[in-house]
Amino acid sequence: MENGYWQLTNAQRRCFGIAPVGEDWECVALPRSKYDGYDTVIWLDGDRVRYIVRHGEMLHIEHALDELLTPDGQFIVPKRSKKPIRLSAATICKRSPVGMCLWYQRHDRNETGSVGLHNAANMNYYSSRVAGDRIGDMADFQRWVDAWCSATSEGDLADAAVFAALKTQTVKLQEGDIFRFRWTRGKWGYGRILLDYRLMRKQKIPFFDCLMGPPLAIEVFQIVTDDANIPVDEVLSRAAMPAQNIMDNALHFGEYEIIGHGPVPEDRDERCPIMYGRSFDVRENRLMYQQGRVFRELPGGKAIGGQDLRNCGIGWSIDVSMPEVLACMAQGLSAYWDKPHYQRERNLMNPAHAELLAAVREQMGV
């Protein structure tokens, strides 16, 4: 490349919904920050920073910007502060993207990389983890970019442009709400809110509150489709994956779109994840069990086998990938439980723990 770094072409940027780089913009390479393993390059349109690329062996990020510089070009003029910020690789990368942002990152040379495409509101358009795409080193990422762009249709261009402009909204959520989400570009999945732990906190209902953030219990249906408008009744007729706990962000801010509402299933407690173990509060000596709205505690109790089965790991997105759902649709849920995964291996809902689960329920009086 001209300056020793790699970047998208304007034609490729269009395929990702990213604004183009102007032909007359000035390209400026910034000195590396002390701990950076990548180069930072910006494009100036007069006194404004309009674009940024960060590129290295293990990382690539690029997106549009709109940051005003002082007349000498040495400082960023913040939109919400009177104090200028010195322009550097460390400070410019903290400024908010405009439109879509494409990123690739690999933490270890022996690991698979991660790729994501999100808009300025941090709403995800694509996640390699959710899509189930295995993307290795930087060369593999560049091949993935070429393949994405080669497969881009006019409809895809329009869809990405619309998504790039989306803003977050505040959505009121209810147990029983049905939502849809993107597996990848053009492929849709559907899910349901089973339980709102936030209400239990608000109403001061005792439960094993070992989950970070504002949590929900959800289930993802065994659906991978091109149809973004499947009726609720048809969604509810499909089999579901094992339920998971999730922070409410993607639903509360509209990334996962609520498309309707259905009755909460009568067996929703049995569908919810199980959390079993000692309280995190070292001042307490309590063994606790939670599944759905079913809560038990045993003062002074010891976990059977001394195992930590709290199952309290929680994230911002679904914990299953599109290929895993397709495998379960073809082979049954064994394709989910048999895949090596530390959280599933320590999940009491795993059929491998059937005897242990029976003993735990007897111990806790469930």
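Bear in mind that the values here come from a model prediction, so they are computed numbers and not experimental data.

Analysis parameters
- Along every chain, residues carry numbers that run from 1 in the direction the sequence is written.
- Residues qualify for local features only when their pLDDT is at least 70, as the model is predicted, and side-chain atom pairs are given and counted only at 80 or more; totals for whole chains, interfaces and linings, by contrast, use all residues.
- Note that water and hydrogens are dropped before the side-chain values are worked out from all heavy atoms of the structure.
- A helix here means a DSSP run of H or I that spans at least four residues, while a strand means a run of E at least two residues long, and both kinds are numbered starting from the N terminus.
- In this description, contact between two residues means that some pair of their heavy atoms is separated by no more than 4.5 Å.
- Each accessible area is a Shrake-Rupley estimate made with a 1.4 Å probe; only the visible protein chains count as cover when residues are assessed.
- The sign given to each residue is positive for Lys and Arg and negative for Asp and Glu; His and the chain ends receive no count.
- Charged side chains are reduced to one point each, which is NZ for Lys, CZ for Arg, CG for Asp and CD for Glu.
- When accessible area is computed with a 1.4 Å probe and restricted to protein chains, residues below 20% of their type maximum are described as buried, those above 50% as exposed, and intermediate ones as partly exposed.
- Paired strands, in this sense, are two strands between which DSSP finds at least two bridges.
- When two rings of Phe, Tyr or Trp (its six-membered ring) have centres within 6.5 Å they constitute a pair, described as stacked for plane angles under 30 degrees, edge-to-face for angles over 60, and tilted for the intermediate range.
- By the criterion adopted, a ring carries a charge over it if an Arg CZ or a Lys NZ lies within 6 Å of its centre and within 35 degrees of its normal.
- For helices, the fitted line uses only the C-alpha atoms of the stretch in contact; every axis is such a line through C-alpha atoms, and the angle between N-to-C directions lies from 0 to 180 degrees.
- Counted as salt bridges are all cases of a side-chain nitrogen of Lys or Arg within 4 Å of a carboxyl oxygen of Asp or Glu.
- Helix span, expected: 1.5 Å multiplied by one less than the number of residues in the helix.
- Within this analysis, the arc is defined by the directions that extend from the helix axis to the C-beta atoms.
- Each polar contact in these results corresponds to two N or O atoms within 3.5 Å; when the atoms are within protein, one needs to be able to donate a hydrogen and the other to accept it, and residues that are neighboring in sequence are counted only if both atoms are side-chain atoms.

Within the chain, the secondary structure is distributed over 13 helices and 17 strands. Structurally, the chain occupies a C-alpha span of about 70 × 50 × 40 Å along its principal axes. Nonlocal contacts in the chain, meaning residues at least 24 apart in sequence, comprise 60% of its contacts between residues at least 6 apart. Carbon together with sulfur atoms contributes 50% to the accessible area of the chain, which is approximately 18600 Å² in total. Side chains of the chain carry 44 positive and 48 negative charges; the gap between the two charge centres is 6 Å.

Buried residues dominate strand S11 (residues 187–196), accounting for nine of its ten residues. The antiparallel pairing of strand S10 (residues 177–184) with S11 creates a hairpin that spans two residues between the two strands, and Gly 186 there sits at a positive phi of about 85°. For S11 and strand S12 (residues 215–220), the ladder comprises five bridges, and the chain directions are antiparallel. In the strand pairing of S12, Gly 191 is matched with Val 220.

Within the secondary structure, Asn 285 is located in the loop between strand S15 (274–278) and strand S16 (286–291). With 78 residues separating them in the primary sequence, Asn 285 and Gln 363 have C-alpha atoms 16 Å apart. Apart from residues lying up to four places away in sequence, Asn 285 is in contact with Arg 278, Leu 298, Pro 299 and Gly 300.

Let us look at the packing of aromatic side chains. Taken as a whole, this structure holds 16 aromatic pairs when the rule is applied. Between the aromatic rings of Phe 179 and Tyr 256, the centroid separation amounts to 5.7 Å while the plane-to-plane angle is 5°, which identifies the pairing as stacked. Taken together, the residues Phe 179 in strand S10 and Tyr 256 in the loop between helix H8 (249–252) and strand S14 (257–261) connect sequence positions 77 residues apart. Each member of the pair Phe 179 and Tyr 256 is classed as buried. Here a set of aromatic residues connected by ring pairs shows up, and it is made of Trp 6, Phe 16, Tyr 104, Tyr 126, Phe 141, Trp 144 and Trp 148. When the ring centre of Trp 188 is taken as reference, the NZ or CZ atom of Arg 180 above it lies at 5.6 Å. Positioned over the ring face of Trp 148 is Arg 185, at 3.9 Å from the centre of the ring.

Attention shifts here to the sheet that holds strand S13 (residues 244–247). The five strands lie next to each other as S13-S12-S11-S10-S14, forming an open sheet whose pairing is antiparallel. Each edge of the open sheet is held by one strand with a lone partner, namely S13 and S14. Ignoring strand direction, the axes of neighbouring strands in this sheet form an average angle of 45°.

All right, on to the pairing of strand S17 (residues 294–299) then. Here S16 pairs with S17 via six bridges, running antiparallel. Residue pairing for S17: Gln 291 is matched across the bridge by Val 294. Here S16 folds back onto S17 in antiparallel fashion, the turn holding two residues, of which Gly 292 has a positive phi close to 65°.

The next point concerns unusual backbone geometry. At Asn 122, a position not held by glycine, the phi torsion is positive, near 60°. Its identity is not glycine, yet Lys 204 carries a phi of approximately 55°, on the positive side. Relative to the elements of secondary structure, Lys 204 occurs in the loop between helix H6 (197–202) and S12.

Using the criterion set out here, one finds 26 salt bridges in the structure. In this structure, Arg 180 engages Glu 257 in a salt bridge whose closest nitrogen and oxygen atoms are separated by 2.8 Å. Of this pair, Arg 180 sits in strand S10 while Glu 257 is found in strand S14, placing the two residues 77 residues apart along the sequence. For Glu 257, a relative accessible area of 39% gives the class partly exposed. Linking Glu 219 and Arg 192 is a salt bridge whose minimum nitrogen-to-oxygen distance equals 2.6 Å. With Glu 219 in strand S12 and Arg 192 in strand S11, this pair connects stretches of sequence that are 27 residues apart. Each member of the pair Glu 219 and Arg 192 is classed as buried. When salt bridges with common partners are traced through the structure, they connect Asp 45, Arg 48, Arg 50 and Asp 66 into a single cluster.

The next subject is helix H4 (residues 138–150). In this model, H4 (13 residues) spans 18 Å end to end at C-alpha, consistent with the 18 Å of a helix rising 1.5 Å per residue. Taken residue by residue, H4 has Met 138, Phe 141, Trp 144, Val 145, Trp 148 and Cys 149 as its buried positions. The buried residues of H4 all sit within an arc of 130° when viewed along its axis, so they share a single face. Away from its buried face by more than 90 degrees, H4 exposes Arg 143 and Ser 150. At its buried positions, H4 is contacted by helix H1 (10–15), strand S3 (48–55), strand S4 (59–69), strand S7 (98–105), strand S8 (114–118) and strand S9 (124–127). Sitting at the amino-terminal end of H4 is Asp 137, which places a side-chain oxygen 3.3 Å from the backbone nitrogen of Ala 139.

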